[in-house]
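# Structural characterization, general
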Number of protein chains: 2
Amino acid sequence: MTMNVRTLCLGFLSTGEASGYEIKKGIEDGMFSHFIDASFGSIYPALTQLTAEGLLTVRAEEQTGKPDKKVYAITENGRKALARAISVLPAKDKFKSEFLFQMLLHQFITPDVMLAAIDKQLNDLRQDLARIAECRCSEQPHAGARFVADYGEAVLTASVRCLEEKRRELVRQTAAQAAE
Amino acid sequence: MTMNVRTLCLGFLSTGEASGYEIKKGIEDGMFSHFIDASFGSIYPALTQLTAEGLLTVRAEEQTGKPDKKVYAITENGRKALARAISVLPAKDKFKSEFLFQMLLHQFITPDVMLAAIDKQLNDLRQDLARIAECRCSEQPHAGARFVADYGEAVLTASVRCLEEKRRELVRQTAAQAAE
DNA sequence: TTGACACTATATCAGTTCGATATATATCGG
DNA sequence: CCGATATATATCGAACTGATATAGTGTCAA
C-alpha cells in the first residue's frame, strides 16, 4: 500500500472538494485523526503534484472576510489511483509513544514527574475519546466511519482503564513509601 | 521531551552496553518494540554523534565466526543527558494505521480485499501479543517493563476483540448478500 | 563443492515528512 | 490602534525511513 500524503489527500478529497487548509483541519478533527497525521509542509506540495498529474483539479475561490483559497477536487483518474493504492495488504501499524518510553525508564525520573506524565496521558486519551464521540454525532455514519470509530473507542477505552489502575497503584506505593 | 533516536540509544544503553546492530535488534524484539522503532540509517549516525559528545564510549570487539563490532557504553554524562531528556511532559502518542485508512475508505475495495486486510491485521496484533508474553518471560520484569507490557497487552487485546467481532459481522453480511 | 540463502555488522543516501517560520488578509476584544 | 486569533499558502532545514552497498561467516541442499 502506497500510504503517503498523496494517498491521504486523495482519500480525503474522495468525500468532497476542499482546500489544503481544509484538508489539514479535516484530518485533525475528523475520523482520519485517529490513525493519521500530516503537516502543511507535505500537504501543499502533494496537492500541486497530484494536480500536475491530472489526479486532481484546482479552482481559485475568492472569499469575503477570508483570504482566497484554492479548492481541489478529485478526478476520475484520481479515484482510480486511490482505489489502486488501497487495494493492497496494509503495512503494519506504527505506534510511537514518548510516554511509554518514560514509563519503561522510570528509574530516571522522580515520582511526581511520573504522575504528571500519567495525568497528561490520561487527559490526551480522554480528549481523543471525546473527539470520536463528536465525530459519531456530526458526520453521517457510513460503515467505514463506524468501523474506525468503534476500533478507536475500544483501544482508547482499554488504555484509559489500564492507566487508571496503574495510577492508583502508583499513588498507593508513593504514600506507603512516604509513611516509612 | 527530546524524543529522538539519540535519546532512544541512550535509553537502550542505560540497561547495558551494545553495538549498533544489537540496539536495532533489541529495539525490534524487546520491550521498546511496542512503542518505538528506529532504522540503521538513524542509529549509526546517532551513536557516532553521541560518542563525539562524550555521552558514550566505544570499544572495538573482535569476534570469531562473526564480523567485528563496535560496543558502545553510556557514560555518567550520558545518564545525566538521558535523565534530563525524559524528565519533561511527553508529547502526544502518534499512531499510524494504513489498515484503518483502508477500512474508512472501504467503498473503494472489494470484500475479499477487506477480509484479507482484516486477517493480516489480526495476525499482526496476535504476533505482537505473543512477543509481549515472550518479553515477560525472558527479561527480568522490573516495574517499568511490567508497566509497558500491561499497557501494550491491554491495548492489543482490546484491538483483537473488536476486530474479531467486526470480522464476524462482515462474513455474515457478505453471506447474506451472496444469498440474494 | 559450489551456489543460494540467511545472519551479523557497519555505513551511506535519496526520498519523505515534520516542525518551524514567513507572509498576507481579516475579525474581534481591550 | 494594538495584539491575539483564525484563515490561507508556501518554503526550508532537520530528522528519519527504507533501500542499497559492502563484507565476513555459517548452513544446507543440489
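Per chain, residues are indexed from 1 in the order of the written sequence. Chain A is the first chain written and ligand 1 is the first ligand written, with later ones labelled in order. The predicted nature of this model means local features are confined to residues of pLDDT at least 70 and side-chain atom pairs, given and counted, to a pLDDT of 80 or more, with totals for whole chains, interfaces and linings taken over all residues. Water and hydrogen atoms play no part in the side-chain values, which are based on all heavy atoms of the structure.

### Some points on the domain arrangement of chain A
Residues and elements named next belong to chain A. Note the following rule: Annotation comment: domain bounds sourced from an automatic or database domain assignment. Throughout, a contact is declared for two residues whenever any of their heavy atoms are within 4.5 Å. Buried area, as used here, totals the accessible surface that two parts lose on assembly, with accessibility defined by a 1.4 Å probe and the loss added over both. The working definition used for a salt bridge is a side-chain nitrogen of Lys or Arg within 4 Å of a carboxyl oxygen of Asp or Glu.
Assigned domains within chain A: domain 1 (5–86) and domain 2 (98–179). Using C-alpha coordinates to define each centre, domain 1 is positioned 31 Å away from domain 2. Counting residues at the interface gives seven residues for domain 1, matched by eight residues for domain 2. Together domain 1 and domain 2 conceal approximately 580 Å² of surface at their shared face, both sides included; 68% is due to carbon and sulfur atoms. The largest share of the area that domain 1 buries against domain 2 comes from Asp29, Met31 and His34, three residues that together contribute 77% of it. If you look at where domain 1 meets domain 2, you find zero salt bridges.

### Considering the interface of chain B and chain A
Each side of the interface is counted separately: chain B has 64 residues, and chain A has 64 residues. Taken together, both faces of the contact between chain B and chain A bury some 6200 Å²; the carbon and sulfur share is 69%. Run the count over chain B and chain A and you get four salt bridges. Among the ionic pairs, Asp150(B) bridges to Lys166(A), the shortest N-O distance being 2.6 Å.

### A look at the protein's contact with DNA strand C
Our working rule: Note on definitions. A residue lies near a molecule or strand when any single heavy atom of the residue is within 4 Å of it. The term polar contact refers here to a pair of N or O atoms within 3.5 Å; inside protein, the definition further demands a hydrogen-donor-capable atom paired with an acceptor-capable atom, and it admits residues adjacent in sequence only when both atoms are side-chain atoms. Runs of H or I in DSSP of at least four residues are treated as helices and runs of E of at least two as strands, each being numbered from the N terminus.
Contacts to DNA strand C come from 23 residues, most closely from Asn4(A), Tyr44(B), Gln63(B), Lys70(B) and Lys94(B). A share of 65% is what sugar and phosphate atoms reach among the atoms of DNA strand C within 4 Å of the protein. Note that a phosphate oxygen of DNA strand C is positioned 3.5 Å from one of the backbone N or O atoms of Gly20(B). One of the side-chain nitrogen or oxygen atoms of Tyr44(B) is found 3.1 Å away from a phosphate oxygen of DNA strand C. Looking at the surface near DNA strand C element by element, the count peaks at three residues for helix H3 (residues 40–52) of chain B.

### Describing the relation of the copies chain B and chain A
Applicable threshold: Superposing copies: least-squares fit, C-alpha atoms only, residues required to have pLDDT of at least 70 in both.
Each copy superposes on the other: chain B lies on chain A with an RMSD of 0.0 Å after a rotation of 180° and an axial shift of 0.0 Å. Such a combination of turn and shift is consistent with a two-fold rotation axis. Measuring from the rotation axis to each C-alpha of chain B, the shortest distance belongs to Phe95(B), at 2.3 Å. Looking at chain B, 100% of its interface residues are interface residues in chain A too, so the copies touch through the same face.

### Some details on the packing of helix H1 (residues 5–13) of chain A against helix H2 (residues 20–29) of chain A
Residues and elements named next belong to chain A. What counts here: Think of each axis as a best-fit line through the C-alpha atoms, taken over the contacting stretch in the case of a helix, with angles from 0 to 180 degrees between the N-to-C directions. With respect to orientation, any angle under 35 degrees is reported as roughly parallel, any angle over 145 as roughly antiparallel, any angle of 65 to 115 as roughly perpendicular, and every other angle as oblique. Gly is put with the polar residues, along with every residue not named as nonpolar or charged; the nonpolar set is Ala, Val, Leu, Ile, Met, Phe, Trp, Tyr, Cys and Pro, and the charged set is Asp, Glu, Lys and Arg.
Put simply, H1 and H2 touch, their axes get as near as 11 Å, and they point 85° apart. Taken as axis vectors, H1 and H2 run roughly perpendicular relative to one another. Contacts between H1 and H2 involve Leu8, Phe12 and Leu13 from the first element and Glu22, Ile23, Gly26 and Ile27 from the second. Among the residues forming the contact of H1 with H2, the class breakdown is five nonpolar, one polar and one charged.

### A look at the protein's contact with DNA strand D
Inspection of the region around DNA strand D gives 23 residues, with Tyr21(A), Gln63(A), Lys70(A), Lys94(A) and Asn4(B) positioned closest. Sugar and phosphate atoms constitute 64% of the interface atoms of DNA strand D, taking the interface as everything within 4 Å of the protein. Gln63(A) places a polar side-chain atom, nitrogen or oxygen, 2.4 Å from a phosphate oxygen of DNA strand D. Contact between DNA strand D and Ser42(B): a phosphate oxygen at 3.0 Å from a side-chain N or O atom of the residue. Among the secondary structure elements, those contributing two or more residues to the surface near DNA strand D are H2, helix H3 (40–52), strand S2 (69–74) and strand S3 (94–96) of chain A together with H3 of chain B. Looking at the surface near DNA strand D, the element that brings in the most residues is H3(A), giving three residues. Looking at the surface near DNA strand D residue by residue, the classes come out as seven nonpolar, nine polar and seven charged.

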